Amino acid sequence: PGEASVGLRVRELTEAERAEAGVAGGVVVVSVQEGSAAQETGLQAGDVIEEVGGRPVGSAAAFARAVREARDSGKRNAVLLVTREGGTRYVPLRLE
């Protein structure tokens, strides 16, 4: 699984997981590091992240790249599109 230095481990969704979540693509959160920015934001294992900063992420590598590019561009937060239990919301993730 991929890991971005925001305290999240993610992996690609299976076809069955995509269908169950009702999403076209994204990555699923495998684990959230205690005390991390991801935990502060309320992200949980099982959450599906569809976008980072408005860009679709279909793989763990794409997720890590999007977070890295947002951080490298000087942004303090990246907005994630997160689906959990049928509900979708935007979540600001602190990059510092």
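The structure presented is a predicted model; accordingly, all values stated were derived computationally and were not measured.

## Quick look at the overall build of the chain
Then comes step 1: Along its length, the chain carries three helices and seven strands.
Then comes step 2: Ordered by position from the N terminus, the helices and strands of the chain form the series β-β-α-β-α-β-β-α-β-β.
Then comes step 3: In summary, the chain has a C-alpha radius of gyration of 12 Å against a globular reference of 12 Å for 96 residues, a match within 12%.
Then comes step 4: With the C-alpha coordinates of the chain rotated into their principal frame, the extents come out at 35 × 25 × 25 Å.
Then comes step 5: Out of the 96 residues belonging to the chain, those deemed buried represent 40%.
Then comes step 6: Partitioning the intrachain contacts of the chain with sequence separation of at least 6 by distance along the chain shows that 49% fall at a separation of at least 24.
Then comes step 7: Carbon and sulfur atoms form 46% of the exposed surface of the chain, whose accessible area is close to 5200 Å².

## Some details on the pairing of strand β4 (residues 48-52)
Then comes step 1: The buried fraction of β4 amounts to four of the five residues, a majority that puts the element mostly inside the structure.
Then comes step 2: Of the pairings in the sheet, the one linking β4 to strand β6 (residues 77-84) comprises four bridges and is antiparallel in character. Bridge pairing links V48 to T83 in β6.
Then comes step 3: Pairing of β4 with strand β5 (residues 55-56) involves two bridges; the strand directions are antiparallel. The residue bridging E51 from the neighbouring strand is P56, located in β5.
Then comes step 4: Hairpin connection, β4 to β5: the antiparallel pair is bridged by two residues, and G53 has positive phi, about 60°.

## Some points on the nonpolar core
Then comes step 1: Counting residues in each nonpolar core, the largest one holds 23 residues, and the members touching the most others are L8, V10, I49, V52, V57 and F63.
Then comes step 2: Where this core is concerned, the elements lending two or more residues are β2 (8-12), β3 (27-32), α2 (37-41), β4, α3 (60-72), β6 and β7 (87-94).
Then comes step 3: In terms of residue count, α3 provides more of this core than any other element does, six residues in total.
Then comes step 4: Setting aside residues up to four positions removed in sequence, V57 forms contacts with G25, G26, V27, I49, E50, E51, V52, A62, F63 and A66.

## So, the pairing of β6
Then comes step 1: Sheet analysis places β6 next to β7, joined by eight bridges and oriented antiparallel. Pairing of A78 across the sheet is with L93, part of β7.
Then comes step 2: Hairpin connection of β6 to β7: two residues between the antiparallel strands, including E85 at a positive phi of 50°.

## Concerning the pattern of salt bridges
Side chains that differ in sign of charge can pair as their charged atoms come close.
Then comes step 1: One pass over the structure, following the stated rule, counts four salt bridges.
Then comes step 2: Between E40 and R94 there is a salt bridge whose closest N-O contact spans 2.6 Å. You can see E40 sitting in helix α2 and its partner R94 sitting in strand β7, a full 54 residues away along the chain.
Then comes step 3: Measuring nitrogen to oxygen at the nearest pair gives 2.6 Å for the salt bridge that ties R55 to E69. Here E69 lies in helix α3 and R55 lies in strand β5, a separation of 14 residues in the sequence.

Calculation criteria
- Residues numbered from 1 in each chain as written.
- Predicted model: local features only at pLDDT ≥ 70, side-chain atom pairs only at ≥ 80, totals over all residues.
- Heavy atoms only, no water.
- Helix = DSSP H or I, 4+ residues; strand = E, 2+ residues; numbered from the N terminus.
- Rg over C-alpha atoms; globule rule 2.2 N^0.38 Å.
- Buried < 20%, exposed > 50% of the residue type's maximum accessible area, 1.4 Å probe, protein only.
- Contact = heavy atoms within 4.5 Å.
- Areas by Shrake-Rupley, 256 points an atom, 1.4 Å probe, with all protein chains shown as cover.
- Pairing = 2+ DSSP bridges.
- Core = buried A, V, L, I, M, F, W, Y, C linked by side-chain atoms within 4.5 Å.
- Salt bridge = Lys/Arg side-chain N within 4 Å of Asp/Glu carboxyl O.

Function cannot be read off these values alone, since they describe shape.
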